[in-house]
Amino acid sequence: MSVNAIEKTKFQTEVLESEKPVVVDFWAPWCGYCRRLAPAVERLEAEIGSKVTVAKADIDELPEIARQYEIDTIPTLILFQDGKEADRVVNPPSQDAVEEWLKTNQVI
Amino acid sequence: MKRDIYDVAVIGGGPGGYTAALYCARSGLSVLVLEKMSPGGQMATTSVVDNYPGFEEGIDGFELGEKMQRQAERFGAETSFVNVTAVDLKQDIKTIETSKGQVKARAVVLATGASPREIGLPEEPSLRGRGVAYCATCDGMMYRDKTVVVVGGGNSAAADALYLSKICKKVYLVHRRDTLRASKVYLEPLKNSSVEFIWNSQVKEILHEKKVTGVVVEDKKGHRKEILCDGVFAAIGRIPDTKLFIGQTELDSQGYILADETTRTNLPGVFAVGDVRTKPLRQVVTAASDGAVASHFIEEYLA
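Residues numbered from 1 in each chain as written. Chains lettered and ligands numbered in written order. Predicted model: local features only at pLDDT ≥ 70, side-chain atom pairs only at ≥ 80, totals over all residues. Heavy atoms only, no water.

Going by an unreviewed UniProt entry, chain B carries the name Thioredoxin reductase and comes from Blautia celeris. A UniProt comment under Sequence similarities (unreviewed entry) is attached to chain B, and it reads "Belongs to the class-II pyridine nucleotide-disulfide oxidoreductase family." Under the UniProt heading Catalytic activity (unreviewed entry), the entry covering chain B gives this text: "[thioredoxin]-dithiol + NADP(+) = [thioredoxin]-disulfide + NADPH + H(+)". (UniProt positions renumbered as here; feature names shortened; annotations may be inferred.)

Under an unreviewed UniProt entry, chain A has the name Thioredoxin and belongs to Blautia celeris. Entered under Sequence similarities (unreviewed entry) in the UniProt record, the comment concerning chain A runs "Belongs to the thioredoxin family."

Right, dumping it as C-alpha cells:
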C-alpha cells in the first residue's frame, strides 16, 4: 500500500473537507529524514487507515500550501481535523513517537 | 514477533545490525531485528555513500539500508518496528521491553548507533526544527539564500559548510580552535569558498523569537559578539545511543559500549556492533564487518 500523494487542487477536498482526521506528511525527495520517516508513515496507513487518512505533500510540488502552514523544517506531520490544523510534529524520532502523538490527540 | 524466544535479537537496523542479522540467519538462527523507524540508521540520511565497496558510482544511503534489510530477510530474519524501552541482558534468556510487547532472546546484538551531539544550550531542544539543525544535506535546502552558522571543526562541519555555501547567501563556520581537524579533500575547497571562519569561538546563546534570529559567540578572551542568522547547523560529533544499557554492559567514559574486535561485551551472550562499540573507525563498512564477526561469536556462544 502506498500513501496518497496530495495534488495541489485536491488539498481542499481531500484534507480540509475530509470527514476523518487527516495526517499530512510534508516532505521532499531530497530530504534524508523524510525518507526515513516515509516507511513508518506507510505502515501507519496500513495499521490505522480506518481511523485516520494518511497523505503526503511534496513541498516542492505544493509550495503555496507549505508556505501557508509555515513548513520550515521537514519532515513535518500535521494533523488536520475539521478543516483546521489540530497539531503538528517535526521530525519525529520513531514510528512509536508518531503513534503516541496521534494517541495524545485522541485520533487513535 | 512470531516466536516466544528468538536465538538472536538485534537492537537497531543499521548496517551493523542487519549484517549481524544476515549472517545469523544464514547460520540457521532465528533472528529478530528491532528498529524504531526504518532500516539504514545514520546511513539512511546520506544521499550518496561513496565508500562502501561494490557500488562504483556510489549508492543512496537509504536504498543501501533497504537492500541490507531485504537481504537479511531473504534468509529468514524478521523486523519489528518498535521502540525499545528497557532491557535485561544479565540473564541467560535476555528480555527486551518494547512499545509493542516483550521480546526474549538467547543472544542480543546491540547496534543502536549514535546520534548528533547537541551544542548543549538550554534553548536548543525547543528550537530544533525552528532554525537549529543537525544535518546539512537534510535541511540545507530550507535555508536557500539565507544566512547560516555551522558549528564545529571536523569533517562533518567542513562538509556541511561547503555544502551550505553552495545554497545559502552566507555561511559562517564557528570553531573553538584555530584550525580545522578536517581531511584534505575539504580544506582546499573551503579555502576557496565564501565561508567565513570565526576561530577560537563558541556559541553561547541562540537568539530567537519564533525562529532563530542569530547566535552569540564568545572568543577565548571572553569577547562576545552577535551574528545574525536564520539557521544554526551543529556538526560537533556524535554521541552513542546507549542510555538503555547503563548499569548493564560496561561503557567507556564517552558512553560507547566496551567490546573488542570480537564484539563481545562484558555480559555473556551480549554483543556490540557498529558505531555504538569502542573502535577506531566508524564507517558503514566497519559496522558491517562487526556484524559478521558478531555472528561468528554468537554461533560459538549458542553452540
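Enquirer: For this particular structure, what's the right way to read the nonpolar core?
Expert: When a protein is soluble and globular, its nonpolar side chains tend to lie buried together. Counting 45 residues, the largest nonpolar core has A:Phe11, A:Phe26, A:Ile74 and A:Phe80 as the members making the most contacts within it. When residues of this core are assigned to their parent elements, the largest contribution, 5 residues, is made by helix H5 (residues 155-165) of chain B. Contacts of A:Phe11, omitting those with residues within four sequence positions, involve A:Ile6, A:Leu16, A:Phe26, A:Ile65, A:Tyr69 and A:Phe80. (Core = buried A, V, L, I, M, F, W, Y, C linked by side-chain atoms within 4.5 Å. Buried < 20%, exposed > 50% of the residue type's maximum accessible area, 1.4 Å probe, protein only. Helix = DSSP H or I, 4+ residues; strand = E, 2+ residues; numbered from the N terminus. Contact = heavy atoms within 4.5 Å.)

Enquirer: Sorry, what's going on with the state of the cysteines here?
Expert: Here, disulfide denotes a covalent bond that connects the sulfur atoms of two cysteines. Counted under the stated rule, the structure contains 1 disulfide over all chains. Each sulfur of the disulfide joining A:Cys31 and A:Cys34 lies 2.2 Å from the other. Residues A:Cys31 and A:Cys34 share a disulfide whose torsion about the S-S bond is about 85 degrees; that sign makes it right-handed. Between B:Cys168, a cysteine without a disulfide, and B:Cys229, which holds the nearest cysteine sulfur, the sulfur-to-sulfur distance is 11 Å. Judged by relative accessible area, B:Cys168 falls into the buried class, the value being 9%. The class for B:Cys229 is buried, based on a relative accessible area of 3%. (Disulfide = S-S within 2.5 Å.)

Enquirer: I'm lost on the pattern of salt bridges in this one. Help?
Expert: Opposite charge on two side chains permits pairing when their charged atoms draw close. All names here are of chain B. This structure, assessed with the given rule, holds 16 salt bridges over all chains. Between Glu196 and Lys170 there is a salt bridge whose closest N-O contact spans 3.0 Å. Taken together, the residues Glu196 in strand S11 (residues 196-198) and Lys170 in strand S10 (residues 170-174) connect sequence positions 26 residues apart. Judged by relative accessible area, which is 34%, Glu196 ranks as partly exposed. Residue classification places Lys170 among the partly exposed residues on the basis of a relative accessible area of 22%. (Salt bridge = Lys/Arg side-chain N within 4 Å of Asp/Glu carboxyl O.)

Enquirer: I'm lost on the confidence of the model for chain B in this one. Help?
Expert: Interpretation of the predicted coordinates at a detailed level should be avoided for regions scoring low in pLDDT. Of the residues in chain B, 100% have a pLDDT of 70 or more, and the chain-wide mean is 95. Overall fold confidence (pTM) sits at 0.87, and the ipTM for the predicted complex is 0.89. (pLDDT = per-residue confidence, 0-100.)

Enquirer: Explain the packing of aromatic side chains to me, please; I cannot follow it from the model alone.
Expert: Two aromatic rings are characterised by how far apart their centres lie and by the angle between their planes. If you walk through the whole model with that rule in mind, you get 7 aromatic pairs over all chains. Taken together, a centroid distance of 5.1 Å and an interplanar angle of 85 degrees make the contact between A:Tyr69 and A:Phe80 edge-to-face. Within this pair, whereas A:Tyr69 is found in the loop between helix H3 (63-68) and strand S4 (76-81), its partner A:Phe80 is found in strand S4, the two being separated by 11 residues in sequence. Given a relative accessible area of 12%, A:Tyr69 falls into the buried group. Look at A:Phe80 and you get buried, because its relative accessible area is 1%. Members of the aromatic cluster, connected to one another through ring pairs, are A:Phe11, A:Tyr69 and A:Phe80. Cation over ring: A:Arg43 sits above B:Phe81, and NZ or CZ is 3.3 Å from the ring centre. (Phe/Tyr/Trp six-rings, centres within 6.5 Å; stacked < 30°, edge-to-face > 60°. Lys NZ or Arg CZ within 6 Å of the ring centre and 35° of its normal.)

Enquirer: Where do I start with the sheet that holds strand S3 (residues 53-58) of chain A in this structure?
Expert: Backbone hydrogen bonds are what pair the strands of a sheet, in a parallel or an antiparallel way. All names here are of chain A. Overall, mixed pairing links the 5 strands, which are arranged S1-S3-S2-S4-S5 in an open sheet. What marks the edges here is a single partner per strand, and that holds for strand S1 (4-5) and strand S5 (84-90). Examined bridge by bridge, strand S2 (residues 22-27) and S4 share 5 bridges and lie antiparallel to one another. Considered in S4, the bridge of Asp25 is made with Leu77. Lying on the sheet, helix H2 (residues 32-48) is in contact with S1, S2, S3 and S4; it crosses S2 at an angle near 160 degrees. Contacting S2, S4 and S5, helix H4 (residues 95-104) crosses the sheet at an angle of about 25 degrees to S4. (Pairing = 2+ DSSP bridges. Axes fitted to C-alpha atoms, helices over the stretch in contact; angles between N-to-C directions.)

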